Amino acid sequence: MKATYVTEPGKLEIKEIAEPQITNAYAVKIKVKAGGICGSDIHIYHGTSPVATYPRVLGHEIVGEIVEVGELVKKFKVQDRVVIDPIINCEECYQCKKNRPNLCVKLRVRGVHEDGGFREYLVTPEKNIFKIPDSVSYEEAVMIEPFTVAAQVNSRGQVEKGDYVFIMGSGPAGLCALKVAKNKGAICIVSDLVDERLENAKRLGADYVINAGKENVNEKINKYTQHIGANVVIDAVGNASSFEQAIEVVSKGGRIVVLGFTDRPSKIPQLLITKDELDICGSRLHANKFPEVIDWFNKGEITGKDFISHIYPFEKIQEAIHLVETEPMKVSKVVLTF
């Protein structure tokens, strides 16, 4: 079979390798049908990921069809259409027992620490797959995994109906967070530096948008929230200044969720955190969000079609990555088909 390898930073090859075989009675073999290119895949390709190892098969946003099942598999059968959870956790540590598999002390992620899904076949335990609704195409189903990340962000921020939610950054992660927040009944404000991205945010449901390079963000947040401040701030930019600004615009008793990240320190006065009783938290991957997100897709409350801008056969992955890197304003989600 064919598999797409990053053999070392900056070097990508499509190799012929042996098809994987089922060696565990609780595993299934899947013919990959589609996969999404994520920003983390680009970082791994360039060698800027702090956690990836090489050589590595990319791809953690993966869907496919079951072609073989282990003898003890009960919940799935051949020809089932499924999406794959990229998280591999031990189920035994404190974090796993507290229902936080995304923080497992032995956490491994497909496409990062283990080979991912940009290949024709893969084998995975049945506990890591979920059925796709019949009404959802393979290409659209690729968006289920990104929406689990957005569901986690909204969960960490305790987003509720009527909350003012300020989302910093209108890339794919920020826009997915926007859709989930709107689904929960929040009033959403989105900022970015690029007008085209902000127009896309408005198309996807943003109530207000702010060009942070042209407008005073603090003044706009005060205006849109009647001087209350944003009840929830989702920092999908992840640099030192965005985190500092989040502290400035959040309401008393508000929540700040850090999704993007940097290793540069921010200057945050402790006084503001204490006197306004702010909750500041991180959000990583997801904690058992697939059933909830699939239910949204099944009911049509959230769809992935609006996010897909380009579809390529996986043999053209180099061309697809080049597009993502050189035409970012034209790209939302690029899907590879197999």
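What comes next concerns the included structure. Computed from a prediction, not measured in an experiment: that's the story for all the values here. (Residues numbered from 1 in each chain as written. Predicted model: local features only at pLDDT ≥ 70, side-chain atom pairs only at ≥ 80, totals over all residues. Heavy atoms only, no water.)

1. Re the overall build of the protein chain
In terms of regular secondary structure, the protein chain is built from eleven helices and 18 strands. Taken against the 2.2 N^0.38 rule, which gives 20 Å for 338 residues, the C-alpha radius of gyration of the protein chain at 20 Å falls within 12% of a compact globule. Each of the 338 residues in the protein chain was classed as buried or not, and the buried ones make up 50%. Long-range pairs, those at least 24 residues apart, make up 67% of the contacts in the protein chain with a sequence separation of at least 6. As displayed, the protein chain has an accessible area near 15700 Å², and 48% of this comes from carbon and sulfur atoms. Taken together, the 43 basic and 45 acidic charged side chains of the protein chain have centroids lying 3 Å from each other. (Helix = DSSP H or I, 4+ residues; strand = E, 2+ residues; numbered from the N terminus. Rg over C-alpha atoms; globule rule 2.2 N^0.38 Å. Buried < 20%, exposed > 50% of the residue type's maximum accessible area, 1.4 Å probe, protein only. Contact = heavy atoms within 4.5 Å. Areas by Shrake-Rupley, 256 points an atom, 1.4 Å probe, with all protein chains shown as cover. Lys, Arg positive; Asp, Glu negative; His and termini not counted. Charge placed at Lys NZ, Arg CZ, Asp CG, Glu CD.)

2. Some thoughts on the side chain of N102
Position of N102 relative to the elements: it lies in the loop between α2 (94-97) and β8 (108-109). The exposure class assigned to N102 is buried, which follows from its relative accessible area of 3%. There is a polar contact of 2.8 Å between the side chain of N102 and the backbone oxygen of R284. Filtering out sequence-adjacent residues up to four positions away, N102 remains in contact with I87, L107, Q152, R284, L285, H286 and A287. (Polar contact = N/O pair within 3.5 Å; in protein donor to acceptor, adjacent residues only side chain to side chain.)

3. Concerning the nonpolar core
Core analysis: the biggest nonpolar cluster contains 44 residues, and V63, I144, F147, V165, L178 and F297 have the highest contact counts within it. Elements with a contribution of two residues or more to this core: α3 (138-141), α4 (144-156), β11 (164-168), α5 (172-183), β12 (187-192), α6 (195-203), β14 (230-235) and α10 (290-299). Per-element accounting of this core gives the leading share, six residues, to α5. Not counting chain neighbours up to four residues away, the residues in contact with I144 comprise V83, F290, V293, I294 and F297. (Core = buried A, V, L, I, M, F, W, Y, C linked by side-chain atoms within 4.5 Å.)

4. Thoughts on the layout of surface pockets
Roughly 1700 Å³ of volume is contained in the largest pocket. Every residue lining the largest pocket is counted, 45 residues in all, and those nearest its centre are C38, G39, S40, H43 and A173. Elements represented by at least two residues in the lining of the largest pocket include exactly α1 (39-46), α4 and α5. Looking at which element gives the most residues to the lining of the largest pocket, the answer is α1, with six residues. Looking at the lining of the largest pocket residue by residue, the classes come out as 24 nonpolar, 16 polar and five charged. Put simply, the second largest pocket is a space of about 250 Å³. In terms of lining, the second largest pocket is formed by 14 residues, of which the most central are D85, N89, E91, P101 and N288. (1 Å grid on protein atoms, 1.4 Å probe; cavity = no way out; pocket = protein on both sides within 12 Å on 5 of 7 lines; lining within 4 Å. Points joined across faces, edges and corners; volume = space filled by probe spheres on them. Nonpolar A, V, L, I, M, F, W, Y, C, P; charged D, E, K, R; others polar.)

5. Considering the pairing of strand β18 (residues 333-337)
Within β18, four of the five residues are buried, which leaves the element mostly enclosed by the surrounding structure. Looking at chain direction, strand β3 (residues 27-37) and β18 are connected through four bridges and run antiparallel. Bridging across to β18, G36 finds its partner in V335. Sheet analysis places strand β17 (residues 308-313) next to β18, joined by five bridges and oriented parallel. Following the sheet pairing, H310 is matched in β18 by V334. Handedness of the β17-helix α11 (residues 317-326)-β18 crossover: right-handed. (Pairing = 2+ DSSP bridges. Right-handed = clockwise from strand over helix to strand, strands pointing away.)

6. Side note on the pairing of strand β13 (residues 208-211)
Two strands pair when backbone bridges link them, and β12 and β13 are joined in this way by four bridges, in the parallel orientation. Its bridge partner being in β13, I189 is matched across the sheet by Y208. You can see the chain leave β12, run along α6 and come back into β13, and the turn it takes is right-handed.

7. As for unusual backbone geometry
Omega for the bond connecting Y54 with P55 falls within 30 degrees of zero, at -5°, which places this linkage in the cis form. The residue P55 is located in the loop between α1 and β4 (56-57) in this model. The backbone of H227 shows a phi angle near 65°, a positive value even though the residue is not glycine. As for its position among the elements, H227 is in the loop between α7 (217-224) and β14. Residue class for H227 comes out exposed when judged on its relative accessible area of 65%. The backbone of E277 sits at a positive phi, close to 45°, despite the residue not being glycine. Looking at where E277 falls in the secondary structure, it is placed in the loop between α9 (270-275) and β16 (279-282). Residue classification places E277 among the exposed positions, given a relative accessible area of 62%.

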